[in-house]
Amino acid sequence: MIKMGEIVNVKEIVENKKVELKRRIEELNKRNIFPKLALILANDDNASRIYVSNKRKLCDELGILEDEYTFDKSVTKQEILDLVNKLNQDENVYGILVQLPLFEHLDEEEILLNINPNKDVDGFHPLNLGKLAIGDETIVSCTPKGIITILDSLNIDLKSKNAVVIGRSRIVGKPMIHLLLNRNATVTVCHSKTKNLEDYTRNADILIVATGVPHLVTKDMVKEGAVVLDVGINRIDGKLKGDVDTQGVLEKVKYVTSVPGGVGLTTVVSLVENLVEIAEKINRD
Ligand code: NAD
C-alpha cells in the first residue's frame, strides 16, 4: 500500500495561535496598553477591500483597536503622506498598514518609506528587511512569518535541512530566505530564470513555493518525505489553485499545505502577531 502524506491542518494551527495572541493582548490590556492598528485603503480593488475587511474582523475578534482610512481616486500623494506622518506621531497607534496596491498615481515606494519602521506591521520597510537579515525578527513580512508558524507547529527542526524557496519577491521569497537562514537551514533560492528547477526541488527537505504559476510543482519534482508549503493563490475558472499539485505530491511527501485552507490563513494572524510584538517591545524597552 502506498503511504500517503498529510495535508497540514492550518486551520487548527491558526486557532491555537489566536488563543496565544488573545492571552498576550489581555496581558497588555491589564497594563493599560491598548494597541491600535491603522489601515489605509487607497485603491478601488475589490480583493483589497476583502483583505482589509478580514484584517479588521480579526482585530475585533482578538481585542485589537483599529481605524480604517479609505480614500477615493482624487486623493493626492501628499494627503496620504500627511496621514502617515500624523499616525507616526500618534502614540496610541502601534501599527500602520498601507494596503497594496495603491492607486496608480500614488508613489508606493515613497509612501511605504515614510511609515515609521517601528510601526511597519507589514514588515515591508527596507529597515525591517535589513534587520531580519541580521537576525532581528521583531517585525517580519506576514506570509513568511506564517510559514514559520506552520513549521514550528509541526515541530520541524530546520537546522541543517535543505530548504528550497521558489520565488524571490520582496514580500514572500526574500524574507523567507532569511527566516530559514536564521534557523540554520541550508537555503537555495530559485526563480523565473532558474534552469532545471527540478534539480533543486528534488533535493529539498523543505520546499516553499511562491510563484503564482498554477501547479508548477508536480509529484516528480519533490523529494520523498519532504515538507511542501504552497504560497501561490491562482484563480482558475472561479476556483483557487496553488502553485503545487497537492493531490499528486501527497503520495510522496510528509506534509503539504493546501490552497485554499493553507498558508493564506496564517497571513492575517501574523499581522496581529507583529502588532502584539511591537507593543510588547515598546513597553519593555
Ligand atoms: P511575485 O509575482 O512578486 O513573485 C513571483 C516570483 O516567482 C518571482 O520571484 C519569480 O522569479 C518567480 N517565478 C515566476 N515564475 C516562475 C517559474 N516558472 N519558475 C520559478 N520561479 C518563478 O509574487 P509574490 O507576491 O511573491 O506571490 C507569489 C504567489 O503567492 C502569488 O500567487 C500570490 O498571489 C501568492 N501570495 C499568497 C499570499 C498568502 O497569504 N497566501 C501572500 C502573498 C502572495
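All of these numbers come straight from a predicted model, not from anything done at the bench.

## A closer look at the overall build of the protein chain
Counting its secondary structure elements, the protein chain contains ten helices and eleven strands. Here the C-alpha atoms of the protein chain give a radius of gyration of 19 Å, agreeing with the 19 Å that 2.2 N^0.38 yields for 285 residues. Here the C-alpha coordinates of the protein chain stretch approximately 60 × 45 × 35 Å along the principal axes. For the protein chain, with 285 residues in total, the buried portion stands at 48%. Looking at the protein chain alone, contacts between residues at least 24 apart form 71% of all its contacts between residues at least 6 apart. Here the protein chain has roughly 13,900 Å² of accessible surface; of this, 49% comes from carbon and sulfur atoms. Of the charged side chains in the protein chain, 38 are positive and 43 negative; the average position of the first set lies 3 Å away from that of the second.

## Some thoughts on the pairing of strand 8 (residues 227-230)
Across the two faces of strand 8 the burial is the same, with Val227 and Leu229 and Val228 and Asp230 all buried. Pairing of strand 7 (residues 206-209) with strand 8 involves four bridges; the strand directions are parallel. Across the sheet, the residue bridging to valine 209 is aspartate 230, located in strand 8. Strand direction decides the pairing type here: strand 8 and strand 11 (residues 255-256), joined by two bridges, are parallel. Counterpart to valine 227 in the pairing with strand 11 is tyrosine 255.

## Overview of the sheet that holds strand 3 (residues 65-70)
With respect to topology, three strands assemble into an open sheet ordered 3-2-4, the strand pairing being parallel. In this open sheet, the two edge strands, each paired with only one partner strand, are strand 3 and strand 4 (93-98). Neighbouring strand axes in the sheet, compared pairwise and without regard to direction, differ in orientation by 20° on average. Here strand 2 (residues 36-41) pairs with strand 4 via five bridges, running parallel. In the strand pairing of strand 4, alanine 38 is matched with isoleucine 96. Sitting on the sheet, helix 2 (residues 46-62) is in contact with strand 2, strand 3 and strand 4, with an inclination near 170° to strand 2.

## As for the sheet that holds strand 7
Strand pairs in the sheet, formed through backbone hydrogen bonds, run parallel or antiparallel to each other. Within the open sheet, the six strands sit side by side as 1-11-8-7-5-6. Their pairing is parallel. Since the sheet does not close on itself, it has two edges, and those belong to strand 1 (6-7) and strand 6 (186-190), each with one partner. Contacts from helix 6 (residues 142-153) reach strand 7 and strand 8, with the element oriented near 150° to strand 8.

## Description of the site of the ligand
Within the structure, the ligand sits among 20 residues, and Arg168, Ser169, Ser192, Ile233 and Thr267 are positioned closest to it. One of the side-chain N or O atoms of serine 169 is found 2.6 Å from an oxygen atom in the ligand. For the ligand, whose free accessible area comes to 860 Å², the fraction covered by protein is 70%.

## Things to note about the side chain of aspartate 205
Relative to the elements of secondary structure, aspartate 205 occurs in the loop between helix 8 (197-201) and strand 7. Aspartate 205 sits in the buried class, given a relative accessible area of 19%.

What counts and what doesn't
Residues numbered from 1 in each chain as written. Predicted model: local features only at pLDDT ≥ 70, side-chain atom pairs only at ≥ 80, totals over all residues. Heavy atoms only, no water. Helix = DSSP H or I, 4+ residues; strand = E, 2+ residues; numbered from the N terminus. Rg over C-alpha atoms; globule rule 2.2 N^0.38 Å. Buried < 20%, exposed > 50% of the residue type's maximum accessible area, 1.4 Å probe, protein only. Contact = heavy atoms within 4.5 Å. Areas by Shrake-Rupley, 256 points an atom, 1.4 Å probe, with all protein chains shown as cover. Lys, Arg positive; Asp, Glu negative; His and termini not counted. Charge placed at Lys NZ, Arg CZ, Asp CG, Glu CD. Pairing = 2+ DSSP bridges. Axes fitted to C-alpha atoms, helices over the stretch in contact; angles between N-to-C directions. Near = heavy atom within 4 Å. Polar contact = N/O pair within 3.5 Å; in protein donor to acceptor, adjacent residues only side chain to side chain.

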